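# Understanding the architecture of this molecule
Spelled out, the chains give:
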Amino acid sequence: MKNLHSEILFNRPVNDRYWKMAVDVTALEESVRPGQFFHIQCSDDWRNLLRRPFSVYKFDRRTRILEFLYLIKGSGTQALMKKRPGEMLDMIGPLGKPFSLPAGDASILLAARGVGVATLHALAQAVPAEGRRAIAIVSAQKRDDLLAVDDLRQSGAQVYAVTDEDGTSTMDQVGKLAEMLIEDYGISAVYTCGSKRLAKLMQNLATIHNLYAEIAMEAHMACGLGDCYACACPIRKEKGIEAVRICSEGPVFPLRQAVLS
Amino acid sequence: MTWRPDLSVKISKLMLKNPIMPASGTFGTEMSPFIDFNRLGAIVPKSITLNERSGNKGPRICEVEGGMINSIGIQSKGIDYYTEHIIPDFAKYDVPLIASISGDTIDEFAILAERLTGIDRVAGLELNISCPNLRNNGIAFGMDEKTTNELIRTVRQVTDKPLIAKLSPNVTHIQDTALAAEKGGADALTVANTFLAMAIDTETRKPKIGNLMGGFSGPAVKPLIIRLIFQVHQVTSLPIIGSGGAMTGQDVIEMILAGASAVQVGTANFMKPAAMLDIIDEIADYMMRHHIDKIADLIGKIDLE
Ligand SMILES: Cc1cc2nc3c(=O)[nH]c(=O)nc-3n(C[C@H](O)[C@H](O)[C@H](O)COP(=O)(O)OP(=O)(O)OC[C@H]3O[C@@H](n4cnc5c(N)ncnc54)[C@H](O)[C@@H]3O)c2cc1C
Ligand SMILES: Cc1cc2nc3c(=O)[nH]c(=O)nc-3n(C[C@H](O)[C@H](O)[C@H](O)COP(=O)(O)O)c2cc1C
Ligand code: FES
């Protein structure tokens, strides 16, 4: 992990709410793994004093180009949007525990809602090299927000998109779809990010079908390193429920440990 | 050889090579890849409590203009873990270790102080009597003179380590609690902890902090802290450690001019993990620019003419 000042290669809108940014991370020797994140200084403005965490969306080992997919949410991401190619981005990373895959070469299921797809895309991108396939359920409010679908397909994932707009994203429908995919593709592991309801659904399915399952969690962060306990959230451990740091002990956790109510 | 200004300061029996130390709760071993701890004036780990505690429910922080509000609730693994792991982790650095202690009762403070007194590596104790999260409605020991005095008197009886009382800024007249701490036997004062604050999300109408209220820190509090340091310095000759809003070397100089002997850096660490090193360099630059040999000569040297 390093505090990098990385050159911005591009920063452009994907639609009216989402942007993509690429940075050059040749200064980083270590590997960048799916599920990890970077803690980014969005501006020098005192409105945005704290860094913001963003997941690795895409990482090219060869060119060492790192991409983020981000939702324009508040003042921090609004400032990020204004950064131009050639400017330097102050970021700390890679941080956090990455996703892990169970042994074997069975396909994996990704279940993402909203910008959660940004985190899971990196995993979809990485699995073909392991000789396995990613099947993705991508859920969003509107058809327009199904942004990563093309990128996921390009990374070799089989994508099933559902939206509130089309009335295809109820938990009932997604549950049936997931059951079908688990059977049809002989899924051995599921990964989820972006929605508690979706995570709960996957938690149940994983238990029923005895699947390996992980979740990428979110919390407001200050240090991002594990020192301040700002990000601690309840996680079910052997001893009972404990407050665990999302930034350093996560953001990826076994799905059965997630406290979702 | 080029001339280097002397940044060393003295806090009671503690000799610091420079006035910069981390503020409790904003610093830990995970920062070691970014900053050489040996360059710091002192090390102050997160406040420790007697027993393990899980901390408050989230969100535990929120950003506000010019700062942040936190209500971590002192998540702590208890004193045994602290003495077995945290102190040894920092023992390899050649820097005085100031242990920050916190408790729900005066007895807890005394037990902790007694346990830590037996440990050589602990150079001093900072008593966090002012954490606004601990009690209902943000009431802390440090908001009452009598309690402050009694707490420090009790702890004084069990330890000969330098005692630093971290005062609460959430009082009408900080001079009173400062003097109460001095009479109780404090060797130094940290001025101050965070300001009790609140923020509401106007979209959802929900409080932005899970615990409703929290402590406000960051650059916006600096003028308040400068005032508090100045007021405390006028009534006591105890060394003062400024804490609140130091982001740059210039901020530190300002606190020193108001009467601080040393300065804690908190929120700035989150923005830049190497912030304290930059601040130390900026202090040296300032001294060279102003031909100041010893930083200690600048303490309380605000020009009131
Ligand atoms: C591990 C992790 C990975 C993430 N990856 C992505 C990603 O790839 N793409 C993406 O668009 N978003 C991601 N997020 C969420 C992203 O960090 C927030 O959307 C962002 O911080 C919002 O900042 P803002 O100033 O625009 O919004 P505001 O709402 O104005 O932010 C105010 C404050 O709250 C914090 N905050 C608000 N929402 C969140 C949130 N959901 N999680 C954490 N902190 C928050 C901000 O950091 C800031 O300190 C991730 C969050 C985490 C924890
Ligand atoms: C996230 C966070 C955690 C803190 N935890 C503690 C603590 O455990 N004990 C304590 O005495 N002060 C604690 N503080 C207060 C700081 O030590 C410091 O006094 C305060 O933040 C003001 O300094 P700053 O403006 O430089 O941050 C905490 C502050 C923050 C922001
Ligand atoms: S953000 Fe500081 S411990 Fe996670």
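Residues numbered from 1 in each chain as written. Chains lettered and ligands numbered in written order. Predicted model: local features only at pLDDT ≥ 70, side-chain atom pairs only at ≥ 80, totals over all residues. Heavy atoms only, no water.

### A word on the packing of aromatic side chains
Scanning the entire structure with this criterion turns up eight aromatic pairs over all chains. Members of the aromatic cluster, joined through ring pairs, are Phe27, Phe37, Phe90 and Tyr93 of chain B. Geometry around Phe10 of chain A places Arg12 of chain A over its ring, the cationic atom sitting 3.7 Å from the centre. Lying across the ring of Tyr81 of chain B, Lys77 of chain B places its NZ or CZ 4.7 Å from the centre. (Phe/Tyr/Trp six-rings, centres within 6.5 Å; stacked < 30°, edge-to-face > 60°. Lys NZ or Arg CZ within 6 Å of the ring centre and 35° of its normal.)

### Quick notes on the environment of His290 of chain B
Residue and element names in this part refer to chain B. In this fold, His290 is placed in the segment after α8 (275–289). Since its relative accessible area comes to 40%, His290 is described here as partly exposed. Taking the C-alpha atoms as reference points, His290 and Gly300, separated by ten residues in sequence, lie 16 Å from one another. (Helix = DSSP H or I, 4+ residues; strand = E, 2+ residues; numbered from the N terminus. Buried < 20%, exposed > 50% of the residue type's maximum accessible area, 1.4 Å probe, protein only.)

### Considering the site of ligand 2
Residues and elements named next belong to chain B. In the vicinity of ligand 2 lie 20 residues, with Ser24, Ser47, Lys166, Gly245 and Thr267 positioned nearest. Within the side chain of Ser243, one N or O atom sits 2.8 Å away from an oxygen atom of ligand 2. Measuring from an oxygen atom of ligand 2, one finds a side-chain N or O atom of Thr267 at 2.6 Å. When isolated, ligand 2 has an accessible area of 600 Å², and the protein chains bury 98% of it. Tallied by class, residues from the shell around ligand 2 come to three nonpolar, 15 polar and two charged. (Near = heavy atom within 4 Å. Polar contact = N/O pair within 3.5 Å; in protein donor to acceptor, adjacent residues only side chain to side chain. Areas by Shrake-Rupley, 256 points an atom, 1.4 Å probe, with all protein chains shown as cover. Nonpolar A, V, L, I, M, F, W, Y, C, P; charged D, E, K, R; others polar.)

### Concerning the interface of chain A and chain B
If you look at the interface, chain A gives 25 residues, while chain B gives 27 residues. Buried area between chain A and chain B, summed over both chains or domains, comes out near 2,400 Å², and the portion from carbon and sulfur atoms is 61%. Three residues, Leu49, Asp227 and Tyr229 of chain A, lead the burial of chain A against chain B; their summed loss comes to 28% of the area buried on that side. Seen at the junction of chain A and chain B, the total is two salt bridges. In this structure, Glu65 of chain B engages Arg47 of chain A in a salt bridge whose closest nitrogen and oxygen atoms are separated by 3.0 Å. For the pair chain A and chain B, the interface holds eleven residue pairs in polar contact (both at pLDDT 80 or more). Secondary-structure elements contributing two or more residues to the side of chain A that touches chain B are β1 (2–13) and β14 (240–245) of chain A. Partitioning the side of chain A that touches chain B into residue classes produces 14 nonpolar, five polar and six charged. (Contact = heavy atoms within 4.5 Å. Buried area = accessible area lost by both parts, 1.4 Å probe. Salt bridge = Lys/Arg side-chain N within 4 Å of Asp/Glu carboxyl O.)

### With respect to the site of ligand 1
Around ligand 1, a shell composed of 20 residues is seen, among which Pro53, Lys73, Gly76, Thr77 and Glu218 of chain A lie nearest. Surrounding ligand 1 are residues belonging to chains A and B, so the site spans chains. One of the backbone N or O atoms of Gly74 of chain A is found 2.8 Å from an oxygen atom in ligand 1. Gly76 of chain A is positioned such that a nitrogen or oxygen atom in its backbone is 2.7 Å from an oxygen atom of ligand 1. In the complex, 88% of the free accessible area of ligand 1, which totals 820 Å², lies under the protein chains. Of all the secondary-structure elements, those providing two or more residues to the shell around ligand 1 are β4 (52–55), β6 (65–71) and α1 (75–81) of chain A. Ranked by residue count, the leading element in the shell around ligand 1 is β4 of chain A, at four residues. The class makeup of the residues in the shell around ligand 1 is ten nonpolar, six polar and four charged. Counting only domains with at least three residues in the shell around ligand 1, you end up with domain 1 (2–95) and domain 3 (219–261) of chain A. (Domains from an automatic or database assignment.)

### Some points on the environment of Thr119 of chain A
Residues and elements named next belong to chain A. When you line up the elements, Thr119 lands in helix α2 (residues 116–126). As for Thr119 and Thr77, which are separated by 42 residues in sequence, their C-alpha atoms are 17 Å apart. With sequence-adjacent residues up to four places away left out, Thr119 is seen in contact with Gly35, Ser55, Val56, Phe99, Cys193 and Ala216. A polar side-chain atom of Thr119 sits 2.9 Å from a polar atom in the side chain of Ser55.

### Re the nonpolar core
In terms of nonpolar packing, the biggest core is built from 145 residues, with Leu109 and Met202 of chain A together with Leu189 and Val191 of chain B touching the most fellow members. If you tally residues by element for this core, the top one is α8 of chain B, at nine residues. The contact partners of Leu189 of chain B, leaving out residues within four places of it in the chain, are Ile164, Ala165, Leu167, Ala178, Ala181, Val232, Thr236, Leu238, Pro239, Ile240 and Ile241 of chain B. Core analysis: the next-biggest nonpolar cluster, separate from the first, contains 29 residues, Ala134, Val159, Cys193 and Val252 of chain A among them. (Core = buried A, V, L, I, M, F, W, Y, C linked by side-chain atoms within 4.5 Å.)

### What about the UniProt feature "binding site: substrate" (unreviewed entry) in chain B?
Residues and elements named next belong to chain B. When the UniProt feature table is mapped onto this chain numbering, "binding site: substrate" (unreviewed entry) sits at Lys46, Asn70, Ser71, Ile72, Gly73, Ile74, Asn128, Asn193 and Thr194. If you trace the backbone, Gly73 turns up in the loop between β5 (67–70) and α1 (79–91). Here Thr194 is to be found in the loop between β9 (188–191) and β10 (195–197). (UniProt positions renumbered as here; feature names shortened; annotations may be inferred.)

### Some words on the packing of helix α4 (residues 171–185) of chain A against helix α5 (residues 196–209) of chain A
Residues and elements named next belong to chain A. The interhelical angle for the contact between α4 and α5, taken along N-to-C directions, is 35°, at an axis separation of 11 Å. Between α4 and α5 lies a crossing whose hand is right-handed. Counting all contacts with α4, which are made through Met171, Val174, Gly175, Ala178, Glu179, Ile182 and Glu183, the residues of α5 involved are Arg197, Leu198, Leu201, Met202, Leu205 and His209. Residue composition of the contact of α4 with α5, grouped by class: eight nonpolar, two polar and three charged. (Axes fitted to C-alpha atoms, helices over the stretch in contact; angles between N-to-C directions. Left-handed = near helix turned anticlockwise from the far one by under 90°.)

### Description of the domain arrangement of chain A
All names here are of chain A. When its domains are assigned, chain A resolves into domain 1 (2–95), domain 2 (99–216) and domain 3 (219–261). Averaged C-alpha coordinates put domain 2 and domain 3 at centres separated by 22 Å. The junction of domain 2 with domain 3 conceals about 910 Å² of combined surface from both sides, 67% of it contributed by carbon and sulfur atoms. The largest contributions to the domain 2 side of the interface with domain 3 come from Lys196, Gln203 and Ile215, which together make up 55% of the buried area. Counting the contacts that link domain 2 with domain 3 gives zero salt bridges. Viewed at the interface, domain 3 and domain 2 are joined by four residue pairs in polar contact (both at pLDDT 80 or more). Residue assignment for the side of domain 2 that touches domain 3 shows that the elements contributing at least two residues are β11 (189–193), α5 and β12 (212–216). With five residues, the single largest contributor to the side of domain 2 that touches domain 3 is α5. Classifying every residue of the side of domain 2 that touches domain 3 by side-chain character gives seven nonpolar, two polar and three charged.

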